[in-house]
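# Survey of secondary and tertiary structure
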Amino acid sequence: MGFDYICAVKKLSFLFLFVGSLVFGQDHLSGFNMMSFTYKASPKWMAYVELQTRARRDYTVIDYYETKGGIGYNITKNNQVFVGAGRYGTYEKMKISQEEFRMWLQYTFTQRLGKLKLDHRGRAEQRYFYASQTGEHTKANRFRYRLSATLPINKDKVQEETFFVNAFEEIFLGPVDPNFKRNRTFAGFGYQFNHSLSVTSGYMFQREFALKGNDNFHFLYFALNFTIDGTDDEKDIVIPMVD
């Protein structure tokens, strides 16, 4: 009888929830849910769409959403550029408090150390905000760097029926004080069912830096990732991470 990966993912998800409720009881648990769609038009070109909901202040109440997407181009096997745009909304007391439109340019360099895959991702963002309650319009730019790692467990690379673990560290910088805006640390696991579907779960610590004081978030993360691949590319399947 084979190993039941679906059952394992469910059990580990409940374990994250249980341990998180014990360890982070003095702060609060937050929810982070994502659904992504990747379309590979050719070995060079791809399109990507992502939907997010977050429950930042109360794990049971959604108070943030994202809808975003873009187009990527593989310059070489290990170098990709990407341009994207998205809409973001923040809620306070069940009412929209801030809306954002964001555009970004991104570059990713991939390294391999045996089975371990490392991605170095740099991103420049231009952000436009609208405060719904006051009518104020503002804008800002931000720069991000993320080092992520993906390690397949039962195969040499992420393919059908692959169990994997992943992790990353990301920093956010900006030209206005405080220049160090945010950092994220993530550790998780997942299962690639077939060429079209994978599931990922994990824990992410996020610290927001502000002049009036820092804010910590402990996110329990869950994602469904769908891929449509119309190519004969033999590269391993790319697993989208927390973004």
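Structure report, in brief. (Residues numbered from 1 in each chain as written. Predicted model: local features only at pLDDT ≥ 70, side-chain atom pairs only at ≥ 80, totals over all residues. Heavy atoms only, no water.)

This paragraph deals with the overall build of the chain. Within the chain, the secondary structure is distributed over one helix and eleven strands. Element order for the chain, N to C, with α for helix and β for strand: α-β-β-β-β-β-β-β-β-β-β-β. Residues counted as buried form 42% of the 243 residues belonging to the chain. Partitioning the intrachain contacts of the chain with sequence separation of at least 6 by distance along the chain shows that 50% fall at a separation of at least 24. Per element, the accessible surface of the chain, about 13200 Å² overall, is 62% carbon and sulfur. (Helix = DSSP H or I, 4+ residues; strand = E, 2+ residues; numbered from the N terminus. Buried < 20%, exposed > 50% of the residue type's maximum accessible area, 1.4 Å probe, protein only. Contact = heavy atoms within 4.5 Å. Areas by Shrake-Rupley, 256 points an atom, 1.4 Å probe, with all protein chains shown as cover.)

Time to look at unusual backbone geometry. Between D177 and P178 the backbone carries a cis peptide bond, its omega angle lying at -10 degrees. Relative to the elements of secondary structure, P178 occurs in the loop between β8 (162-173) and β9 (180-192). Of note, E161 is a non-glycine position whose phi angle comes to about 60 degrees, a positive value. Looking at where E161 falls in the secondary structure, it is placed in the loop between β7 (137-152) and β8.

For the rest of this paragraph, the subject is the pattern of salt bridges. All told, the structure shown has 20 salt bridges when counted by the stated rule. Between R127 and E100 there is a salt bridge, with its nearest N and O atoms 2.8 Å apart. Of this pair, R127 sits in strand β6 (residues 116-131) while E100 sits in strand β5 (residues 95-113); the two residues are 27 residues apart in sequence, bridging distant segments of the chain. Residue E100 is classed as buried on the basis of its relative accessible area of 6%. Of the charged contacts in the structure, one is a salt bridge between E125 and R102, with a shortest N-O distance of 3.6 Å. With E125 in strand β6 and R102 in strand β5, this residue pair connects regions lying 23 residues apart in the sequence. Judged by its relative accessible area of 2%, E125 is buried. (Salt bridge = Lys/Arg side-chain N within 4 Å of Asp/Glu carboxyl O.)

Attention shifts here to the sheet that holds strand β10 (residues 197-208). Neighbouring strands of a sheet are bound in pairs by backbone hydrogen bonds; such pairs are parallel or else antiparallel. One closed barrel holds the eleven strands; their spatial order is β1-β2-β3-β4-β5-β6-β7-β8-β9-β10-β11, and the pairing between them is mixed. Pairs of neighbouring strands in the sheet enclose a mean axial angle of 20 degrees, with direction left out of account. Inspection of the sheet shows β8 paired to β9 by twelve bridges, in the antiparallel sense. The residue of β9 that forms the bridge with N166 is G188. (Pairing = 2+ DSSP bridges. Axes fitted to C-alpha atoms, helices over the stretch in contact; angles between N-to-C directions.)

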